[in-house]
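Okay, here's what each chain looks like letter by letter:
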There are 2 protein chains.
Amino acid sequence: MVNSRSSLKTEVREKMRDGVGSATLVHLVDAEKEKNVKLLAEVTLPPGTSIGRHNHENETEYYIILSGAGLVDDDGKDTEVKQGDVVITGGGAFHSIANKGSVPLVFHAFIVTY
Amino acid sequence: MVNSRSSLKTEVREKMRDGVGSATLVHLVDAEKEKNVKLLAEVTLPPGTSIGRHNHENETEYYIILSGAGLVDDDGKDTEVKQGDVVITGGGAFHSIANKGSVPLVFHAFIVTY
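If you're wondering where the values come from, they're calculated on a predicted model, not measured in any experiment.

A.B. asks: Lay out unusual backbone geometry in plain terms, naming residues and giving numbers.
C.D. replies: Residue and element names in this part refer to chain A. Located in the positive-phi region is lysine 15, a residue other than glycine, with phi close to 45°. Along the chain, lysine 15 turns up in the loop between β2 (9–14) and β3 (22–27). Its identity is not glycine, yet aspartate 75 carries a phi of approximately 55°, on the positive side. Structurally, the position occupied by aspartate 75 is in the loop between β7 (69–74) and β8 (77–82). Exposure remark for aspartate 75: the relative accessible area of 44% places this residue in the partly exposed category.

Below you can see the structure in the form of structure tokens.
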């Protein structure tokens, strides 16, 4: 099956995970129809916004940075990320991501369950 | 955990799945260490190359087109894909992807097992 870009659903989440401002998610699949996939989305964080700190139990989330730069709290360790970097969070670990830059931060977010 | 782009392993596969030419895979994670993930890679197909027709049983593969354009055999239906389009193949269905254009075709390939 091919989901064309124009057919994808866009969702704006305010204060996502108690973060700052609005995150825009373009859902690449209808996750309810997929097996072991809870989220597969392109996320955009405008400058000054964030997704708040949260953890993942019985699932792993992957952030793959597409453009812009972000500051990640990687289970307690602040790490700057940029295009091509990958954030892996599972096994109960926590993360958050914030756009401290001047251009949008865009990344793919995949949550795989088990 | 953060995998910086510079730490990622690059693999060149010749005639991948009996396709044409060389596909370059940048492995975004070490899939052997992940649960229910068989592949999470950025794939580049130069002009004139392809990944041959193959199917997926007990797993789903997602192609998310990042740049360039491709021709996908989506279980028997030829479909042109471009930036932002998503190819979903599982449940025994077949697919292939070819770069018929003049610029590299780059996409994320993500295989979830179940």
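Let us keep going from here.
A.B. asks: Could you give an account of the interface of chain A and chain B, with specific residues and numbers?
C.D. replies: Each side of the interface is counted separately: chain A has 31 residues, and chain B has 31 residues. Here chain A and chain B share an interface that buries about 2,700 Å² over both sides, 65% of which is from carbon and sulfur atoms. Considering only the surface of chain A that becomes buried against chain B, Met1(A), Val2(A) and Ile88(A) emerge as the three largest contributors, covering 21% of it. Taken together, chain A and chain B are joined by zero salt bridges. On the surface where chain A and chain B come into contact, there are 13 residue pairs in polar contact (both at pLDDT 80 or more). Among the secondary structure elements, those contributing two or more residues to the side of chain A that touches chain B are β1 (2–3), β4 (37–45), β6 (59–67), β8, β9 (86–90) and β11 (105–113) of chain A. Across the side of chain A that touches chain B, the residue classes break down as 17 nonpolar, nine polar and five charged. Strand direction decides the pairing type here: β9(A) and strand β1 (residues 2–3) of chain B, joined by two bridges, are antiparallel. Following the sheet pairing, Val86(A) is matched in β1(B) by Asn3(B).

What counts, and where the lines are drawn
Each residue is numbered by its place in its chain's sequence as written, counting from 1. Throughout, the order in which chains and ligands are written sets their labels, letters from A for the former and numbers from 1 for the latter. Side-chain atom pairs in this predicted model are given and counted only at pLDDT of 80 or more, local residue features only at pLDDT of at least 70, and totals for whole chains, interfaces and linings cover all residues. With hydrogens and water set aside, each side-chain value is computed from the structure's full complement of heavy atoms. A run of H or I in DSSP counts as a helix once it spans at least four residues, and a run of E counts as a strand once it spans at least two, with each numbered from the N terminus. Remark: exposure states derive from per-residue accessible area (1.4 Å probe, protein chains only) relative to the maximum for the residue type, with buried under 20%, exposed over 50%, and partly exposed in between. Contacts: residue pairs with any heavy atoms within 4.5 Å of one another. Put simply, buried area is the surface a 1.4 Å probe can reach on two separate parts but cannot reach once they are joined, added for both. Salt-bridge detection follows one rule: a side-chain nitrogen of Lys or Arg within 4 Å of a carboxyl oxygen of Asp or Glu. Think of a polar contact as two N or O atoms within 3.5 Å of one another; within protein, one of them needs to be a possible hydrogen donor and the other a possible acceptor, and neighboring residues in sequence only count if both atoms come from side chains. Nonpolar residues are Ala, Val, Leu, Ile, Met, Phe, Trp, Tyr, Cys and Pro. Charged residues are Asp, Glu, Lys and Arg, and all others, Gly as well, are polar. Should DSSP find at least two bridges between two strands, the strands are regarded as paired.

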